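# Chain and residue survey
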Amino acid sequence: MRRPKKYESGEATQYISRRAALRKLQLSLNDFRRLCILKGVYPREPKHRRRAQKGSSEIKILYHTKDIRFLLHEPIVWTLRDYKIFAKKSGRDRAIKDFRNLKRRLALFPEIKLDHIVKERYPTFIDALKDLDDCLTLLFLFSTFPSLHLIPREQSNLCRRLTIEFLHYVIASKSLRKVFISIKGYYFQAEIKGQKVTWIVPHYYPFKPQSRQEVDFKVMSIFVEFYTIMLGFTNYRLYHGLNLAYPPQFPSSMLQDNEDTLKDETSFVSERIAALNFELLRTDKVQEDEEEPDIDMELLEQDGDSKRIIKMKQEAQEIARLRNLFKGLKFFINREVPREPLVIIIRSFGGKVSWDSSVFSGSTYDESDETITHQIVDRPSLSTQYISRDYIQPQWVFDCVNQRQLLPTNKYFLGEQLPPHLSPFVDAKRDTYIPPEEKALHDPSLIETHAQSDDESEEEEAAQNEDDTVDQELLDAQLQRAYQQETAEYKKYGGPDGVNEDEEDTDDEDFDDEQESDDEEEELDEKTKRLQEEKKKMSVQSGKVHKVNKRQLHKAEVDEHRLQARMVKPRHRNLFRKLIREKQSKEKEEWLLRKKRRNIDNDTKEAKKLAKREAKKAAAAAANAASQLGAK
C-alpha cells in the first residue's frame, strides 16, 4: 500500500489559488472575473489557510476546486476565447486596411447569451424573487447614469425601461407595503408571491463626474449585464400573472430617446415619471379594481389553531384596507416636491395624482380642479389657496402608508414642524433604544403623556417652586414650635435633664399595665386571634419607602458575571468574550442615544421658554406703549 504524501488529500485538495485557476481555464484575469460574476462563483476563506495553501504562509485568493471544475464545462468560456480571436483578426484587418473583410467580421461579432445561466442559478421563480433586492437597487442606480466610458447609453436605457416596467407591476398589483425616506434614497418594500422584496430608489441629483476612480464601473457593469436578463424574465412572468400585455405599451411620446431628451436632463427624468401615470393595457376584460377573494375560513378552521387563524384573518383585513388607502383621493404635487416616489406610492394605493402641465409632461388634471382633496407642498406658504383641499407636506403620504391609516393632517400643514419620520424596517420588540414616538405608536396610552409633557413642563416647575417654599415655611414653623415647647417644659419641671420623679412613677405604672394586657391576650381563644390577624391583613397601612442600594446591585451583577466566566469551558472563552463585547457595545450605544435624546429635549424646552419670555416681553412693551399713548 502506497503511503500518501503530504497535501495530497484533505483541505489542500479542496482549494485552488486564482493563478492556478487562470492556468487551468486559459483565460485572462478580466475574463475570469467576468465569468465568476456571471456564474456566481466567489472566493472562499478556508478554515486552515496554511493547509489549504499547501504549506505556504502568504495570503492568496482561493476558490473551491469543484467550482473551477464546474466552470470548465461552461459554454461562455468558448465565447470569451472567441473574443480574443476576434480582436486579433480585426486588428490585423485594420493594420492592412482590409475594410471589406473587417466589415464582414464585425457583422459576425460573438455575443454572450446568459439565458441558460439565469435558469441555472434560479431553478424556480420564487428563487429569483428572493434574490431581487440587489438586482433592483443596482438597476435603479444605473437608470440615472448618463453615458460614461464603461457604461454605454443602451445599458442605462435598458435599466430605465426595466425598472419602469417593474414599478408598473407594483402599481397594478398594489403590492407595496412599506416606504421610508433615508439619506441614501427612498426605501420601498413590496410583497410579491409571498416574498418581501426591498429596494432603494436614489435621490435625483445631476450627475457629477468624479476625478478619482473610487468605484470600478466595469465590475458593476458586468453585474448589470446579468441582472437585466434576470429582471426581464421576472417582469415577463409577473405581467402574465396579472393578465397584462408584455412588453407594456406606453404612449408614443414617452420614453423616446431623441436628441432633445438626451440633451436636457430634466425632460429625460420627467418622461420617466410621466410614464408611471398611465394605465397599462390588459389582455382580458377584468376590472382593475377587482379585489382578491377573502380567505376561506372553513378550510383554515380544520387545523384547529384558532389564534393563528384569527391572526391571519386580521392581517388579511389590514392588507385589504391598505391596498385601497388612498382610494377616492386626488393629489396635486407642486413643482418643488420630488414627484417620482410620491407617484409610485399614491398610485399603488388607489389614489390619483397630477402636477403642473406647464412645467412637466404627463399631467392628468390642473391645479384649478375643485375635486382635488390634497395638495402636496414643500414651502412655508402659498399665495393662493383653495378651501376645499388640505395643503400638506410630503411626509404625510409616507407616514400614512407605514401606519396603514389616514393620519390627521394638522401636524403636516404648511410651516408646521414635522413629527419624527420613523423607520418601519426595525423590530418593534428589539432590546436596543426605542424612541418615545415609536413607543407611543405601539402603546396608545403614552400618546397624551408624551404630547402634554412639553406643555406641562413650565406648570410643573412653577408648582414645584411653590411647594418648595410652602414646605420650607412649614418646617420653620414646626422647628419654632418645638423649641418653644421644649423651653416651656424645662421651665415647668426644672432640673438639668428636664425629667421629674412623677414621670418615673408613671413609667412604672405603664409597665405594669402592659404586663396585665399581655396576660389577657394569652387567655384569648384561637378564633379571636385569627379574626384579629385577618383584620390586620385587611387594614390599610401606610407604605414604607424601600431604598435600593445601587452599589450592592452592581456588585452582585459583577460577581454573577465572574461566576459565569469561570463556568465557561476554555475552548468557548473567545466566543464568550465576543458576546460580552457585543453586549457592552449595545449598552453603550443605547446610553449615547438616550443622552442625545435628553439633550435634544432640553434644548427644545429651553427654546420654548425663551420664545415665551420674548413674547411676554413684547406684549408688555406693547401694553406700555399703548398706555403711554392713551395718557398723552
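Presented here is a report on the structure given in the accompanying data block. (Residues numbered from 1 in each chain as written. Predicted model: local features only at pLDDT ≥ 70, side-chain atom pairs only at ≥ 80, totals over all residues. Heavy atoms only, no water.)

Right, let's talk about the packing of aromatic side chains for a bit. Inspection of the entire model under this criterion finds 20 aromatic pairs. By way of ring pairs, the aromatic residues Tyr 122, Phe 223, Phe 226 and Tyr 227 are connected into one cluster. Positioned above the aromatic ring of Phe 125, the side-chain terminus of Arg 237 is 4.7 Å from the ring centre. Looking at Arg 339, its charged tip hangs above the ring of Trp 355, at a distance of 4.8 Å from the centre. (Phe/Tyr/Trp six-rings, centres within 6.5 Å; stacked < 30°, edge-to-face > 60°. Lys NZ or Arg CZ within 6 Å of the ring centre and 35° of its normal.)

Pairing within the open sheet is antiparallel, and its three strands lie in the order S3-S4-S5. Of all strands in the sheet, those bounded by a partner on one side alone are strand S3 (176-181) and strand S5 (195-202). Strand after strand, the sheet turns through a mean of 15° between neighbouring axes, direction not considered. Pairing of S3 with strand S4 (residues 185-192) involves five bridges; the strand directions are antiparallel. In the strand pairing of S4, Val 179 is matched with Phe 188. (Pairing = 2+ DSSP bridges. Helix = DSSP H or I, 4+ residues; strand = E, 2+ residues; numbered from the N terminus. Axes fitted to C-alpha atoms, helices over the stretch in contact; angles between N-to-C directions.)

On to the state of the cysteines. Here a disulfide denotes a covalent bond joining the sulfur atom of one cysteine to the sulfur atom of another. Tallied over the entire structure, the rule returns zero disulfides. A disulfide-free cysteine, Cys 135 has its sulfur positioned 8.9 Å from the sulfur of Cys 159, the nearest such atom. (Disulfide = S-S within 2.5 Å.)

Taken as a whole and judged by the stated rule, the model has 17 salt bridges. Between Arg 92 and Asp 93 there is a salt bridge; the shortest N-O distance is 3.9 Å. Overall, the relative accessible area of 51% leaves Arg 92 in the exposed class. Taking the shortest distance from any N to any O, the salt bridge between Lys 330 and Asp 369 comes out at 3.0 Å. Linking Lys 330 in strand S6 (residues 330-333) with Asp 369 in the loop between strand S7 (352-355) and strand S8 (374-376), this pair joins segments that are 39 residues apart in sequence. Classification of Lys 330 as buried rests on a relative accessible area of 17%. Each of Lys 39, Glu 74 and Glu 120 takes part in a single network of salt bridges with overlapping partners. (Salt bridge = Lys/Arg side-chain N within 4 Å of Asp/Glu carboxyl O. Buried < 20%, exposed > 50% of the residue type's maximum accessible area, 1.4 Å probe, protein only.)

Helix H12 (residues 217-241) packs onto helix H10 (residues 132-142) with a crossing angle of 115° between their chain directions and a minimal axis gap of 9 Å. In terms of orientation, H10 lies roughly perpendicular with respect to H12. Seen from above, H10 lies across H12 with left-handed handedness. Between H10, through Leu 132, Asp 134, Cys 135, Leu 136, Leu 138, Leu 139, Leu 141 and Phe 142, and H12, the contact on the second element is made entirely by Met 220, Ser 221, Phe 223, Val 224, Tyr 227, Thr 228, Met 230, Leu 231 and Thr 234. Per-class residue counts for the contact of H10 with H12 are 13 nonpolar, three polar and one charged. (Parallel < 35°, antiparallel > 145°, perpendicular 65-115°, else oblique. Left-handed = near helix turned anticlockwise from the far one by under 90°. Contact = heavy atoms within 4.5 Å. Nonpolar A, V, L, I, M, F, W, Y, C, P; charged D, E, K, R; others polar.)

This brings us to the nonpolar core. Residues Trp 199, Phe 326 and Ile 345 are the most contacted members of the largest nonpolar core, which totals 92 residues. Take this core: its biggest share by element is nine residues, from H12. Apart from residues no more than four positions distant in its own chain, Phe 326 is found in contact with Phe 331, Ile 345, Ile 346, Phe 349, Gly 350, Gly 351, Trp 396, Val 397, Cys 400, Val 401 and Leu 406. (Core = buried A, V, L, I, M, F, W, Y, C linked by side-chain atoms within 4.5 Å.)

Moving on, we come to the pairing of S4. With seven of eight residues buried, S4 lies mostly within the body of the structure. Linking S3 to S4, which pair antiparallel, is a turn of three residues. Here eight bridges tie S4 to S5, and the two strands are oriented antiparallel to one another. Counterpart to Ala 190 in the pairing with S5 is Val 197.

Attention now moves to the environment of Phe 140. Here Phe 140 is to be found in helix H10. Of the residues examined, Phe 140 reaches a relative accessible area of 0% and is grouped as buried. Taking the C-alpha atoms as reference points, Phe 140 and Val 201, 61 residues apart in sequence, are found 6.0 Å from one another. Those residues in contact with Phe 140, other than ones at most four positions away along the chain, are Thr 163, Leu 167, Trp 199, Ile 200, Val 201, Pro 202 and Arg 272.

To continue, consider a positive patch on the surface. Together, Arg 573, Arg 577, Lys 578 and Arg 581 line one region of the surface with positive charge. Position of Lys 578 among the secondary structure elements: in helix H24 (residues 573-631). Look at Lys 578 and you get partly exposed, because its relative accessible area is 46%. (Patch = residues over 30% accessible without salt bridge, like charges linked within 9 Å, V, L, I, M, F, W, Y side chains within 5 Å. Areas by Shrake-Rupley, 256 points an atom, 1.4 Å probe, with all protein chains shown as cover. Lys, Arg positive; Asp, Glu negative; His and termini not counted. Charge placed at Lys NZ, Arg CZ, Asp CG, Glu CD.)

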